[in-house]
Every structure is written in C-alpha cells, then in structure tokens.
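Working through the structure, step by step
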Amino acid sequence: MNIFRLCGDLSHLLAILLLLVKIWKTRSCAGISGKSQILFAIVYTTRYLDLFTSFVSVYNSFMKVVFLSASYGTLYLMFFKFKPTYDHNHDSFRILYLIIPSLLLSFIIVHVYTVMEILWTYSIYLEAVAIMPQLFMVSRTGEAETITSHYLFALGSYRALYILNWIYRYYTEDFLDWIVIIAGIVQTILYCDFFYLYITKVLKGKRLSLPV
C-alpha cells in the first residue's frame, strides 16, 4: 500500500458513494447509464471471486465487499426501485461490443491459463472500457448534471492515480504488469476529453456537455 494506491481507492469509493447519493436523494437515475453499471457489476464479480478463496488483508476484503454491495445495490435502484426514471432511449450503447472482445482478449493475453486468472484479466480489460456507455449517454443527451460530473471525475481520477501507483511500485518494488498498465492507460485516455471539460466548465459553475 502506498499513498497513490490509497488515494485511488478512496477516489473510487467516493465515485460510488456520489452515484448512490445522487440516485437516492433525487429518487431518480436520470442521466446514469444502466449499461455502464451492468459492466461494472461484471467487473467486480469476476475480479473479486477470490474473496472466498484467498485473504490478503482486512482492508482488501472490506473494499471488495463494499464495491460488490454498492454495485449490485446501484443496479437494484436503477432497474427496480426507480426503474420509471431510467432513460432507456439514450442509454443505447451495445455493450456486447465491449463484453465479447474483452473476453476474447482475456484468453489471448493472460499471465496464467487458470479460471481465476482469466476472469481477473477479463475484469481488467472490461473495466478499461466500462465507462463508454456512460460517456456515450452524456454525448447523446448533450449534458450531465453536476453531481454526475463529479462521479465521473472521481471515477477517472481513481484510474489515473493507479497509474501513478504502478509507476511508484516499479521504482520501489520492481513491479511491472503490462496488462494492468496498458488497460489503465486506455481507460484514462477515454476520460481525457471529460477531464478537460470538467476543469473548464464544471469547476467554473457551468453544466458539462460532451461533443457527439
């Protein structure tokens, strides 16, 4: 554990809490992509199956439980409790175009050919692109609520901080994992336009919009 990893985890946790608070307080999931949330649920499920087979630390296990619970809790709020507020029309990204290539890639480029390792690798590839339906939805609607923008910024910051974590670990632990590094870079690149608009608009009190 280092400061970059800790800040990354806290940013990730903040993003999830912001999303849950937004849905619960407004009693609406308008502007939130259910398809991105489905992808994140798949990511956490396939990555954290080792919760029942291996123990790293109390912190590690706690965070896994939190992410899994929050992810499925978000799906419940979106597709059951507040289903009438879900915008099906604008959330139209075809997620099979992300699920299938990520799965195929996890069989081609993987460290060890075991079930758990393939599923973990799959979660890394899928997480890199899981935000695409949300960004696509924002571009279709033309704008995003301020709290949704904060959610996206916190989520993007989490991955950017993890890149710094990997750089730090390379110099201090000689740790190098090209799978997570390249996937993390791809994920961060997807946020670049959003980061720019967030800094130039949201932080100045304006509503955020993404170009189509």
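Residues numbered from 1 in each chain as written. Predicted model: local features only at pLDDT ≥ 70, side-chain atom pairs only at ≥ 80, totals over all residues. Heavy atoms only, no water.

What follows covers the overall build of the protein. In terms of helices and strands, the protein carries 9 helices and 0 strands. Listed N to C, the secondary structure of the protein is α-α-α-α-α-α-α-α-α in terms of helices and strands. A burial count over the protein gives 47% of its 212 residues as buried. Expressed as a percentage of contacts within the protein between residues at least 6 apart in sequence, the contacts between residues at least 24 apart total 78%. As displayed, the protein offers around 10,900 Å² of accessible surface, 70% of which is attributable to carbon and sulfur atoms. (Helix = DSSP H or I, 4+ residues; strand = E, 2+ residues; numbered from the N terminus. Buried < 20%, exposed > 50% of the residue type's maximum accessible area, 1.4 Å probe, protein only. Contact = heavy atoms within 4.5 Å. Areas by Shrake-Rupley, 256 points an atom, 1.4 Å probe, with all protein chains shown as cover.)

A separate point is the side chain of His 12. Within the element layout of this structure, His 12 appears in helix 1 (residues 3-26). Looking at His 12, the relative accessible area reads 2%, which means it is buried. A polar atom in the side chain of His 12 sits 2.7 Å from the side chain of Tyr 44. In this structure His 12 touches Tyr 44, Phe 67, Glu 127, Leu 155 and Tyr 158, once residues within four positions along its chain are discounted. (Polar contact = N/O pair within 3.5 Å; in protein donor to acceptor, adjacent residues only side chain to side chain.)

With that out of the way, let us pick up helix 2 (residues 34-47). For helix 2, spanning 14 residues, the distance from its first C-alpha to its last is 20 Å, which sits close to the expected 20 Å at 1.5 Å a residue. Counting buried positions along helix 2 gives 10 out of 14 residues, so the element sits mostly inside the fold. Every buried residue of helix 2 is listed here: Gly 34, Ser 36, Gln 37, Leu 39, Phe 40, Ala 41, Val 43, Tyr 44, Thr 46 and Arg 47. Next to the buried residues of helix 2 lie helix 1, helix 3 (58-81), helix 4 (96-108), helix 5 (115-129), helix 6 (132-141) and helix 7 (146-173). (Expected span 1.5 Å × (residues − 1).)

With 51 residues, the main nonpolar core has Tyr 44, Leu 126 and Leu 155 as its most contacted residues. With 8 residues, helix 7 is the single largest residue contributor to this core. Excluding its chain neighbours within four sequence positions, the residues that come into contact with Leu 126 are Leu 39, Ile 42, Val 43, Leu 98, Ile 99 and Ser 102. (Core = buried A, V, L, I, M, F, W, Y, C linked by side-chain atoms within 4.5 Å.)

Mapping Ser 33 onto the fold places it in the loop between helix 1 and helix 2. Of the residues examined, Ser 33 reaches a relative accessible area of 0% and is grouped as buried. Discounting chain neighbours no more than four positions away, the residues touching Ser 33 are Met 78, Asp 91, Pro 133, Gln 134 and Met 137.

As a rule of thumb, non-glycine residues mostly have phi less than zero, and peptide bonds are mostly trans rather than cis. Within the chain, Arg 27 stands out as a residue other than glycine whose phi angle is a positive 55°. Among the secondary structure elements, Arg 27 is positioned in the loop between helix 1 and helix 2. A relative accessible area of 41% means that Arg 27 is categorised as partly exposed. Residue Asp 174 is not a glycine yet carries a positive backbone phi of 60°. Note that Asp 174 resides in the loop between helix 7 and helix 8 (178-190).

Among the surface-exposed residues, Leu 164, Ile 167, Tyr 170, Tyr 171, Leu 176, Trp 178, Ile 182 and Val 186 lie close enough to one another that they form a single nonpolar patch of about 830 Å² accessible area. Those elements giving two or more residues to the nonpolar patch turn out to be helix 7 and helix 8. With 4 residues, the single largest contributor to the nonpolar patch is helix 7. Positionally, Leu 176 belongs in the loop between helix 7 and helix 8. (Patch = residues over 30% accessible without salt bridge, like charges linked within 9 Å, V, L, I, M, F, W, Y side chains within 5 Å. Salt bridge = Lys/Arg side-chain N within 4 Å of Asp/Glu carboxyl O.)

Quick look at the side chain of Ser 102 now. Mapped onto the elements, Ser 102 comes out in helix 4. Discounting chain neighbours no more than four positions away, the residues touching Ser 102 are Tyr 122, Tyr 125, Leu 126 and Val 129.

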